[in-house]
Amino acid sequence: MHPSAARRRFPAALWLTLLVVSLLSGLLTGTANAETAPPLPVTVTATGLTNAVDGSTVHIHVDAQSPPNPSPSQIFGVEARICPTANVIDYAADFNPSQLGKCAKTPLSVNSDALTSVATAPPNATADLDFRVGIGTQTFDTSFAGTVTITCGPANPCKVVVKLQVPGAVMFTSFPIGYAGAPTGDWFHPLSTPTRILDSRPPPESVGGFSTPWGPGTTRDVVVRGGATTVPASADAVVLNATVTGTSAYSFLTVWPKGDTQPTASNLNWKPGQTIPNAVTVKVGTSNSVSVFNNSGNANVIFDVVGYYDTNSGDGYTSLTPTRILDSRPPPESVGGFTTPWGVGTTRNVTVAGGATPVPADADAVVLNATVTGPSAESFLTIWPAGASKPTASSLNFIAGQTIPNAVTVKVGAGGQVSVFNNSGNVNVIFDVVGYFKASTGDAFHPLSPSRILDSRPAPENVGTAPTPWTAGAPGIRHVAVTGSSPFPVPSTATAVLTNVTVTSTSNYSFLTVWPTGDTQPTASSLNWAPGDTIANAVTAKVGSGGTVDIFNNSGTVNVIADVAGYYGP
């Protein structure tokens, strides 16, 4: 592992009112800046924007004479169009659909006017416009010999953009539409590549304001959005790859929203001398921060951020029964076109969307359980979108002879592929895909403060309906409730749950498989371990029949713990 320079990233979604002013002589010329502008010399208000349905009327009122306007202004015209909220409109061009076509120019559906104009004769100080909101899909031609498709509705937020013509200027402002039946929750935005936002090792590795390890019983607050991070201020939750290194004792890490009470939960467990990662999705707390607690000994903590969730239009999640799409071991295990291990310094591209995978070719990101086995040396994997530069980040760390997994959320790169790099020695790589993110489809995410929903250890630790360890093989498969009434914070409408699954009191080399109740047990693993290990992995599990998932232990006996950090659903 090594340091990473954070990349600056600007959000594409535009929910706030946009004010753009361009001086011109009769026509708009040049490129306007849609992010900043002087105040409008007129007051524009809109009503009817909430709980909109197909054909709802939005009333736009323009007033050029009321305070704070110093004196009446002439209004030559008022025009409105409907535009996807996710588009940052360059109003110097995009507002004209015959040019770039990012705003609908004709009705989206029956009895809904997507474009209405009012031309007023000067000197008029007020104007009113009734605009009917369309719900549906429209495809139209542009002057650049192509077509543009616009979809507006509850799952595809749009905005009303108002164009004003006054003497010497053309001005724009916009209003987001709140649709009736719009889904609640957050939508995913993957980063172009993983970015390091924290490394508590001393310089030159140090990133994020800490240059010493976490001590025993230490809690520190870490900024995960805004500032020097690549995460915008709108983020409600972040997706991290958390790694500990330089560990001096058996211990665990707990990560939770700053300002909340520290939960009875863990995100990462280790033994002395171990470098180990785990995926952590965590709700952002006060001061743009999360709290991070280390129980025992010293440990350096590293965070690589891979994406975030907010309420702006983004990607919904579709859960899958775990499916193996890569196994580089020789036949009969081989899957995905590779039959030899990754070598020293080797990078290979792996298809994760389209082709023989269950993920559509236009998916934006995938959620994988990545496992390494048979490594000949201590090393790490880095996984990033194919076609992008290799980041200074790690996705999975391991020692010689270890079989270990880690959950990896990664943006899909060129050709539906991701790049996979191995630093040292030889190692076989296995990918089980558990779901994918895609724009305008799937479910929203609902972040939670971590909550324990399962602990099979005896009282007083016991939580849930499994009071004894898992035994080996098919007779030991258990149905575990993940939704429902107290103590479960996940509603019965959830389609998938995001959990941190930990095993302890492990008696043998084994693995755990988690899948939706009612489906056939897949050829996949969710967590692997050696005797005596206490180890965790993030598991995004599709909810099966009865609000339960099935959990299988292959060998020996093991206690299983699950902490839920959020869920997907309406």
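Structure report, in brief. It should be emphasised that the depicted structure is a prediction, and the values quoted were computed from it without experimental measurement.

Structural notes on the overall build of the chain
Counting its regular elements, the chain contains zero helices and 34 strands. When the 570 residues of the chain are sorted by exposure, 55% land in the buried category. Nonlocal contacts in the chain, meaning residues at least 24 apart in sequence, comprise 76% of its contacts between residues at least 6 apart. Surface summary for the chain: the accessible area is close to 21,400 Å², and the carbon and sulfur share equals 54%.

Thoughts on the state of the cysteines
Here is the idea: a disulfide is a covalent bond, and it sits between the sulfur atoms of two cysteines. Scanning the entire structure with this criterion turns up one disulfide. What pairs with Cys-152 in a disulfide is Cys-158, and their sulfur atoms sit 1.9 Å apart. Disulfide Cys-152-Cys-158: torsion about the S-S bond near -85°, hence left-handed. The same class applies to Cys-152 as to Cys-158, namely buried.

Concerning the nonpolar core
What tends to happen in soluble globular proteins is that the nonpolar side chains get buried as a cluster. Formed by 83 residues in total, the largest nonpolar core has its most connected members in Phe-303, Val-350, Val-352 and Phe-431. In contact with Phe-303, not counting residues within four places along its chain, are Thr-195, Arg-196, Ile-197, Leu-198, Val-222, Leu-240, Asn-241, Ala-242, Val-255, Val-290 and Val-292. Judged by nonpolar contacts, the second largest core, of 28 residues, contains Cys-152, Val-160, Ala-169 and Met-171.

Some details on the packing of aromatic side chains
In this structure the tally under the stated criterion is 14 aromatic pairs. With centroids separated by 6.4 Å and ring planes inclined at 55°, the aromatic side chains of Tyr-309 and Tyr-568 adopt a geometry described as tilted. A residue pair is termed long-range when its members are at least 10 positions apart, and Tyr-309 in strand E18 (residues 300–310) and Tyr-568 in strand E34 (residues 559–569) qualify at 259 residues. Since its relative accessible area comes to 2%, Tyr-568 is described here as buried. Between the aromatic rings of Phe-380 and Phe-421, the centroid separation amounts to 6.3 Å while the plane-to-plane angle is 55°, which identifies the pairing as tilted. Within this pair, whereas Phe-380 is found in strand E22 (residues 379–385), its partner Phe-421 is found in strand E25 (residues 417–422), the two being separated by 41 residues in sequence. What links up through ring pairs into an aromatic cluster is the set Phe-188, Tyr-309, Tyr-317, Phe-437, Phe-445 and Tyr-568.

A few points about the environment of Ala-127
Take Ala-127: it is sitting in strand E6 (residues 126–132). Assessed through its relative accessible area of 7%, Ala-127 is described here as buried. Sequence separation between Ala-127 and His-61 is 66 residues; the distance between their C-alpha atoms is 6.0 Å. Excluding residues within four positions of it along the chain, Ala-127 makes contact with Ile-60, His-61, Val-62, Ile-75 and Val-78.

Describing the pairing of E25
Burial within E25 is extensive, with five of its six residues counted as buried. Of the pairings in the sheet, the one linking strand E20 (residues 347–351) to E25 comprises five bridges and is antiparallel in character. Across the sheet, the residue bridging to Val-350 is Val-418, located in E25. Pairing analysis gives five bridges linking E22 to E25, with the strands arranged antiparallel.

Some details on the sheet that holds strand E2 (residues 43–47)
Reading across from one edge, E2-E3-E6 is the order of the three strands in this open sheet, with antiparallel pairing throughout. Edge positions in the sheet fall to E2 and E6, since each has one partner strand and no second. Each strand of the sheet is rotated relative to its neighbour by a mean of 15°, with strand direction disregarded. Sheet topology note: the strand E3 (residues 57–63)/E6 ladder contains seven bridges and is antiparallel.

Some points on the pattern of salt bridges
All chains considered together, the criterion is met by 13 salt bridges. A salt bridge links Arg-196 to Asp-304, with the shortest nitrogen-to-oxygen separation between them at 2.7 Å. With Arg-196 in strand E11 (residues 187–199) and Asp-304 in strand E18, this pair connects stretches of sequence that are 108 residues apart. With respect to burial, Arg-196 and Asp-304 carry one shared label: buried.

Thoughts on unusual backbone geometry
Omega for the bond connecting Pro-203 with Pro-204 falls within 30 degrees of zero, at 10°, which places this linkage in the cis form. Across the junction of Ala-459 and Pro-460, the peptide omega takes the value 15°, indicating a cis bond. Of note, Pro-460 is situated in the loop between strand E27 (444–455) and strand E28 (478–481). Located in the positive-phi region is Asn-51, a residue other than glycine, with phi close to 55°. Here Asn-51 lies in the loop between E2 and E3.

Topic: the sheet that holds strand E23 (residues 396–398)
Pairing within the open sheet is antiparallel, and its four strands lie in the order E20-E25-E22-E23. Since the sheet does not close on itself, it has two edges, and those belong to E20 and E23, each with one partner. For this sheet, the mean inter-axis angle between neighbouring strands, taken without regard to orientation, is 20°.

With respect to the environment of Ile-276
Topologically, Ile-276 is positioned in strand E16 (residues 276–283). By relative accessible area, which is 2% here, Ile-276 ends up buried. The residues contacting Ile-276, other than those within four sequence positions of it, are Ala-242, Thr-243, Val-244, Leu-268, Asn-269, Trp-270, Ile-404 and Ile-535.

Here we look at the side chain of Asp-310
Secondary-structure assignment places Asp-310 in strand E18. Engagement of the side chain of Asp-310 in a polar contact is seen with the side chain of His-189, the distance being 2.7 Å. When neighbours within four sequence positions are excluded, Asp-310 is seen to be in contact with Asp-186, Trp-187, His-189, Ser-234, Ala-235 and Asp-236.

What counts, and at which threshold
Residues numbered from 1 in each chain as written. Predicted model: local features only at pLDDT ≥ 70, side-chain atom pairs only at ≥ 80, totals over all residues. Heavy atoms only, no water. Helix = DSSP H or I, 4+ residues; strand = E, 2+ residues; numbered from the N terminus. Buried < 20%, exposed > 50% of the residue type's maximum accessible area, 1.4 Å probe, protein only. Contact = heavy atoms within 4.5 Å. Areas by Shrake-Rupley, 256 points an atom, 1.4 Å probe, with all protein chains shown as cover. Disulfide = S-S within 2.5 Å. Core = buried A, V, L, I, M, F, W, Y, C linked by side-chain atoms within 4.5 Å. Phe/Tyr/Trp six-rings, centres within 6.5 Å; stacked < 30°, edge-to-face > 60°. Pairing = 2+ DSSP bridges. Axes fitted to C-alpha atoms, helices over the stretch in contact; angles between N-to-C directions. Salt bridge = Lys/Arg side-chain N within 4 Å of Asp/Glu carboxyl O. Polar contact = N/O pair within 3.5 Å; in protein donor to acceptor, adjacent residues only side chain to side chain.

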